[in-house]
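Overview (structure and organization)
Residue strings, one per chain:
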Amino acid sequence: MNKEETINKMKKGCLIIGIICCLIAAFLCLCSFCTYLEFRSQVRISTDSPLTSIPDYIDQFVHMLNALTEIISAIVMIIAAIMFFYISKTGIPFTSKTMNMVRAIAVTHFLKAVVPFLIPVIIVGYHSEFIPWLITSSPLYLLMGLLFFFMSYIVKYGAQLQQESDETL
């Protein structure tokens, strides 16, 4: 397979992956909206039954946290779609723009690890009941953030090699 065929296959593949990322982002937005509606249906608006216990808060915050996590995941998919569409258009995967998009994905994963836990702590204060949710979700998102952050260095190195190759020619 020659270089031109490889580039064309990469462009076509990136276009397909970009479309898939857009579809996933739309699905996650829909899921987030449905989760939000479920959250709103469980909120007790009446003053006759105020939220007095932490379990009441936890039940309601779990829906809000899930919706927030789905929104952040949709943002990741949108950034990925933009990146794949850019690669599909240019045919060059190793650029500083691609590196910045991979870093943006890393940052959103770090946010996904921290923000959903901080919101209930800010609203109702720290309670040990929030720890199981943090332990089960945050390490995975932190690890994924680190993975994408270090992948950005690989893309940066590839961009430097691409630039050296272009300058040599």
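Residues numbered from 1 in each chain as written. Predicted model: local features only at pLDDT ≥ 70, side-chain atom pairs only at ≥ 80, totals over all residues. Heavy atoms only, no water.

Bringing the layout of surface pockets into the picture now. Take a probe with the size of a water molecule and roll it over the atoms, and the empty space left behind shows itself. By volume, the largest pocket is sized at about 160 Å³. Lining the largest pocket, in full, are Val-76, Met-77, Ala-80, Met-83, Phe-84, Val-102, Ile-105, Phe-148, Met-151, Ile-154 and Val-155. Looking at the lining of the largest pocket, the elements with two or more residues in it are helix 2 (54–90), helix 3 (96–124) and helix 4 (131–168). Looking at the lining of the largest pocket, the element that brings in the most residues is helix 2, giving five residues. Its residues assigned to classes, the lining of the largest pocket comprises 11 nonpolar, no polar and no charged. (1 Å grid on protein atoms, 1.4 Å probe; cavity = no way out; pocket = protein on both sides within 12 Å on 5 of 7 lines; lining within 4 Å. Points joined across faces, edges and corners; volume = space filled by probe spheres on them. Helix = DSSP H or I, 4+ residues; strand = E, 2+ residues; numbered from the N terminus. Nonpolar A, V, L, I, M, F, W, Y, C, P; charged D, E, K, R; others polar.)

Inspection of the secondary structure assignment puts Ser-32 in helix 1 (residues 3–42). Given a relative accessible area of 6%, Ser-32 falls into the buried group. Beyond its immediate chain neighbours, meaning those up to four positions away, Ser-32 contacts Ala-67, Glu-70 and Ile-71. (Buried < 20%, exposed > 50% of the residue type's maximum accessible area, 1.4 Å probe, protein only. Contact = heavy atoms within 4.5 Å.)

This paragraph deals with the nonpolar core. Core analysis: the largest hydrophobic core is formed by 13 residues, its most contacted members being Met-83 and Ile-105. At the level of secondary structure, the elements contributing two or more residues to this core comprise helix 1, helix 2 and helix 3. Setting aside its immediate chain neighbours within four residues, Ile-105 contacts Val-76, Ile-79, Ala-80 and Phe-148. (Core = buried A, V, L, I, M, F, W, Y, C linked by side-chain atoms within 4.5 Å.)

It is worth spelling out a nonpolar patch on the surface at this point. Together, Leu-15, Ile-19, Leu-23 and Phe-85 make up a nonpolar patch on the protein surface, roughly 360 Å² of accessible area in all. The leading source of residues in the nonpolar patch is helix 1, at three residues. Looking at where Ile-19 falls in the secondary structure, it is placed in helix 1. Relative accessible area serves as the criterion here: at 44%, Ile-19 is assigned to the partly exposed category. (Patch = residues over 30% accessible without salt bridge, like charges linked within 9 Å, V, L, I, M, F, W, Y side chains within 5 Å. Areas by Shrake-Rupley, 256 points an atom, 1.4 Å probe, with all protein chains shown as cover. Salt bridge = Lys/Arg side-chain N within 4 Å of Asp/Glu carboxyl O.)

Let us look at the environment of Gln-160. Inspection of the secondary structure puts Gln-160 in helix 4. Residues Gln-160 and Thr-95, 65 residues apart in the sequence, show an inter-C-alpha distance of 8.2 Å.

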